[in-house]
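# Results of the structural survey
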Amino acid sequence: RMHFQWDWLCLGALIISSVTAEIENEETLDADVEVEDFDKQSQEADVDRDKSSLEVVYQTPKPTGEVYFTETFDGVLAGWVLSKTKKEDTDDNIAKYDGRWEVEELKENTVPGDRGLVLKSVAKHHAISAMLTKAFIFDNKPLIVQYEVNFQEGIDCGGAYIKLLSSSDDLNLEYFFDKTPYTIMFGPDKCGEDYKLHFIFRHKNPKTGEYDEKHAKRPDVDLKKFYLDKKTHLYTLVLKPDDTFEMLIDQSVVSKGSLLEDMVPPVNPPKEIEDPSDKKPDDWDERPKIPDPNAVKPDDWDEDEPSKIEDSDAVKPEGWLDDEPQYIPDPNAKKPKDWDEEMDGEWEAPQIPNPKCETAPGCGHWVRPMKNNPNYKGKWKAPMIDNPNYQGIWSPRKIPNPDYFEDLHPFEMTTVSAVGLELWSMTSDIYFDNFIICSEKEVADRWAADGWGLKKLVASANEPGMFSQLVTAAEDHPWLWVLYILTLALPVGLGVLFCWPAKKTDEDIDFKKPDISKPITKGELKQEREELEDDEIELEVKDNEDTAEDERREMEETKRELIKDTKKMGREAPPSEDEGEGGEDIDEEENEVADGSREGDMSNKSGSEDEVS
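Reading guide: rules and limits
- Residues numbered from 1 in each chain as written.
- Predicted model: local features only at pLDDT ≥ 70, side-chain atom pairs only at ≥ 80, totals over all residues.
- Heavy atoms only, no water.
- UniProt positions renumbered as here; feature names shortened; annotations may be inferred.
- Pairing = 2+ DSSP bridges.
- Helix = DSSP H or I, 4+ residues; strand = E, 2+ residues; numbered from the N terminus.
- Disulfide = S-S within 2.5 Å.

Under an unreviewed UniProt entry, the name given to the protein chain is CLGN protein, and the source organism is Spizaetus tyrannus. Quoted verbatim from the Subcellular location (unreviewed entry) field of UniProt, the annotation for the protein chain is "Endoplasmic reticulum membrane". Within the UniProt record for the protein chain, the comment given under Sequence similarities (unreviewed entry) is "Belongs to the calreticulin family."

### Observations concerning the pairing of strand E13 (residues 244-249)
Here strand E12 (residues 233-239) runs beside E13; their pairing, made up of five bridges, is antiparallel. Across the sheet, the residue bridging to Tyr 235 is Ile 249, located in E13. Hairpin connection from E12 to E13: four residues lie between these consecutive antiparallel strands, with Asp 243 at a positive phi of about 65 degrees. Across six bridges, the pairing between E13 and strand E14 (residues 252-258) is antiparallel. Counted as the bridge partner of Met 247 is Ser 255 from E14. Hairpin connection, E13 to E14: the antiparallel pair is bridged by two residues, and Asp 250 has positive phi, about 55 degrees.

### Quick notes on the state of the cysteines
By definition, a disulfide is the covalent link that joins the sulfur atoms of two cysteine residues. The final tally for this structure, using the stated rule, is two disulfides. One disulfide bridge connects Cys 157 with Cys 191, the sulfur atoms lying 2.1 Å from each other. Its torsion about the S-S bond being -95 degrees, the disulfide of Cys 157 and Cys 191 is classed as left-handed. Separated by 34 residues along the polypeptide, Cys 157 in strand E7 (residues 157-159) and Cys 191 in strand E9 (residues 182-191) bring together distant segments of the chain. The disulfide that involves Cys 357 links it to Cys 363, with 1.9 Å between the sulfurs. Its torsion about the S-S bond being -125 degrees, the disulfide of Cys 357 and Cys 363 is classed as left-handed.

If you want it as C-alpha cells, here you go:
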C-alpha cells in the first residue's frame, strides 16, 4: 500500500512539472507576441531612429517643468568649457588640466542615439564646466541635482563627483581648477577599498566671513556594487528649505539627515570651550587605585625562582641521532664560476636540512625540555587599594566660546551659477550623462524615466541567463561549485529514494502470487497418493489409541464403583459362613473383572498393532 502511495506521489509530481512547463511555454509565446506587436507599432510609426536589442526607440529627454540646467550630450557639445589652467602645488609634468574628454555612446548596453560625456585619459587632471541656464538662489525652493555615471572599466582610484560653482563676478570657466570656489560637491569617489558618496557644502562663517567645508556622514549601505558592476547608476541630491537633505542612488535613499545635526564638523560651534589658559595643579591626584602602603612581602616569597625549569622526568626519545647535525652542506651545490675568493671570501655550500633527521625523532645534542616552575611567584607587588586622595580626571574649566555663532538656516547657501567636473582618475572611460538641476521632484523623476530608465531597461534585457550568472559567480568564488553540486544532488537523491521501486518482501510476493496450474507427472502423482495414504494411516492409529484409552478409563471407573458398593454392603451386615464363602466369591469375581480389564487392554493394543501392520 505504501509503494502504491509513492507511485501516485511521483505521478503527481510529473503532472505538476508538465503543467508548469506548459505555462512557461505559454508565457514565452505571449512575450513573443508582445514583441511582435511592438515591432509592428514601431514600423507603423516609421521613426527614423536606431533601435536597441529591445527595439527601444530613444528620444532625447526634455524637461517638463522649470529647470536651472540640463545636459544630455546628444547634440553638439555647446556651452562646455575646457580648463586651460594648471593645478597648484603639483609637479609641472602632471599639473596641467590636459585630460581628454569625448562624447560617445556606452560600450555595453548601448541605447542607439543616446550619448554621454566620457573621461578618456588615465593619470591626468580633467576639468570641464558650463554655466547654468539661470542661477539657483537658496531661498524657499528645494535644490535637486541629478546625473548618471557609469564606470565602464570599473574604478581603481578616482572620482565622478560634480561641483556646483559659487556665483562671483570674477568666475572664469577657462581657469576652473581645484581651488575655484564651489557651494556644493556631490557624487561618488573611490580609492583602494574606500567607497564614498560625497556631499560637501561650503558654509560661510557669519562672524569671520570665512568658508568651511561641512561633510555629510557616511551612508550606512554598502556602495561597492555601484562601482564594480559596470552599469549606469543615477545619483540624486535633494536639499530642502527645512535644512534637511537626501542622497539617492537609482531613486533609492541611501542617506538622509539634517544640515544642522548630521554634518562633520557641525555647522554651529559649541557655546562653551575649554579654557586654553587653564592648567592642571601639580598636586592633582588622578589615580583611582594605589599600592597598599601597609602591605609586606611574605617571608617565603622567593623572587629569584625562575618561571621555567628543566623537566627532570623527561627521557630522550628512542632513535635520537646525537651525532647527526640538523643541517648539512648541500652536496649538489657548486661554486659559481664567477666566485672570486679574494673578493668574496672562501666559498661554502649552502646548508640544507639533514635527510637522516626526517625519519628520526631528532638530531644533535638532546636537551631536556622546560616546564613551568611550580615554585615560581615572580616579583612581589603590593596589592592595590582605593586612593583616598583621588580627585578624578582633571579637565580645563569651560569658558564662553568667543567664536560662537548660530546659523539656524544653513540651507541658505551661496548662490550657484555654474556646474563643473574637476577630476583625477587612474581608470578611463568614466561615462556621464543627463545632468539636471531643478526644484521639483516630479520633473527630475520624469527626466530620469526618459534617460536612465531606458538604459536600465536595456541592461536588464541584456543580462546573462541564470546559468551564466552562476558560472560567473563560481569563477570568482570556486567554493560555490560545491554548493551547486549539493543543490543538484539533493533533489535527485530524494527522487531516487522516494520514487524508485523498493525491493519486494516475501509477504508481497505471496500476496501477489497468481494461482497458475502446473502439469503433474505420473511419478509426482504416485508420490502424492502415498503421502496421503500415510497421513490417513497415522490418523487412524491415533484415533484407535484414543478410543482404547477412553474404554480403559471407563472400565477402571466401573471397577472402582463396584468395589465401593461391595465394601459398603459388608459393613451393613456381618458375614456368615455362607456369606464368607460368598465374600470370597466376590473377591474372586473382582479379581476376574480386573484380569478381564487387563486382557481387554491387551487385546485392544494387539488389535491396534494388527491394524497398523
